[in-house]
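# Examining the three-dimensional arrangement
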Amino acid sequence: MRCPHCQSASTTERSDRTAHGYRRFRCRECRRGFNERTGSVLNRLQLPSDVVFLIVLWRLRLKLSLRNLAEILLLRGLVSLQI
């Protein structure tokens, strides 16, 4: 995997994983760490990618409202209720 910071191909995979299970890497040239989602739109999300794609699929395919999506996620335990 190429380094998203310096575009170097000399990277090593680390043995540990992120909280969501994504592989972690370290660049040998710039010595910066990154994971599979670094540099993508999904990088800072608190949900795994498969859950995000499932929400988008439900929104577009089933034409559910955002309120309905939030209720489904709450029932499945994916979102904590904030008061």
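Calculation notes
- Residues numbered from 1 in each chain as written.
- Predicted model: local features only at pLDDT ≥ 70, side-chain atom pairs only at ≥ 80, totals over all residues.
- Heavy atoms only, no water.
- Salt bridge = Lys/Arg side-chain N within 4 Å of Asp/Glu carboxyl O.
- Helix = DSSP H or I, 4+ residues; strand = E, 2+ residues; numbered from the N terminus.
- Buried < 20%, exposed > 50% of the residue type's maximum accessible area, 1.4 Å probe, protein only.
- Pairing = 2+ DSSP bridges.
- Axes fitted to C-alpha atoms, helices over the stretch in contact; angles between N-to-C directions.
- Parallel < 35°, antiparallel > 145°, perpendicular 65-115°, else oblique.
- Left-handed = near helix turned anticlockwise from the far one by under 90°.
- Contact = heavy atoms within 4.5 Å.
- Nonpolar A, V, L, I, M, F, W, Y, C, P; charged D, E, K, R; others polar.
- Phe/Tyr/Trp six-rings, centres within 6.5 Å; stacked < 30°, edge-to-face > 60°.
- 1 Å grid on protein atoms, 1.4 Å probe; cavity = no way out; pocket = protein on both sides within 12 Å on 5 of 7 lines; lining within 4 Å.
- Points joined across faces, edges and corners; volume = space filled by probe spheres on them.

## Some thoughts on the pattern of salt bridges
What the rule picks out here adds up to 4 salt bridges. Between Glu 13 and Arg 23 there is a salt bridge, with its nearest N and O atoms 3.8 Å apart. Of this pair, Glu 13 sits in strand β1 (residues 11–17) while Arg 23 sits in strand β2 (residues 23–27), and the two are 10 residues apart along the sequence. In this structure Glu 13 comes out as partly exposed when scored by relative accessible area, which is 45%.

## Some remarks on the pairing of β2
Remember that side chains alternate between the two faces of the sheet whenever the strand is regular. With 4 bridges joining them, β1 and β2 adopt antiparallel strand pairing. In the strand pairing of β2, Arg 17 is matched with Arg 23. Hairpin connection of β1 to β2: 5 residues between the antiparallel strands, including Gly 21 at a positive phi of 90 degrees. Judged from the 3 bridges that link them, β2 and strand β3 (residues 33–35) form a sheet pairing that is antiparallel. Residue Arg 24 lies in a different strand from β3, and its bridge partner there is Asn 35.

## Section: the packing of helix α1 (residues 49–61) against helix α2 (residues 66–76)
The N-to-C vectors of α1 and α2 enclose an angle of 140 degrees; their axes lie 10 Å apart at closest approach. Taken as axis vectors, α1 and α2 run oblique relative to one another. Like other packed secondary-structure pairs, α1 and α2 cross with a definite hand, here right-handed. Contact with α1, carried on its side by Ile 55, Trp 58 and Arg 59, involves Leu 66, Leu 69, Ile 72, Leu 73 and Arg 76 of α2 and no other residues of that element. For the contact of α1 with α2, a count of residues per class yields 6 nonpolar, no polar and 2 charged.

## Here we look at the packing of aromatic side chains
Overall, the coordinates contain 1 aromatic pair when judged by the stated rule. Between Phe 25 and Phe 34, the aromatic rings sit 5.6 Å apart at their centres with planes inclined by 20 degrees, giving stacked as the arrangement. Across the pair, exposure class does not vary: Phe 25 and Phe 34 are buried alike.

## Some details on the layout of surface pockets
Of the voids in this model, the largest pocket is the one considered here, and its volume is about 160 Å³. For the largest pocket, the full set of lining residues is Thr 18, Ala 19, His 20, Tyr 22, Asn 35, Arg 37, Asn 43, Leu 45 and Gln 46.

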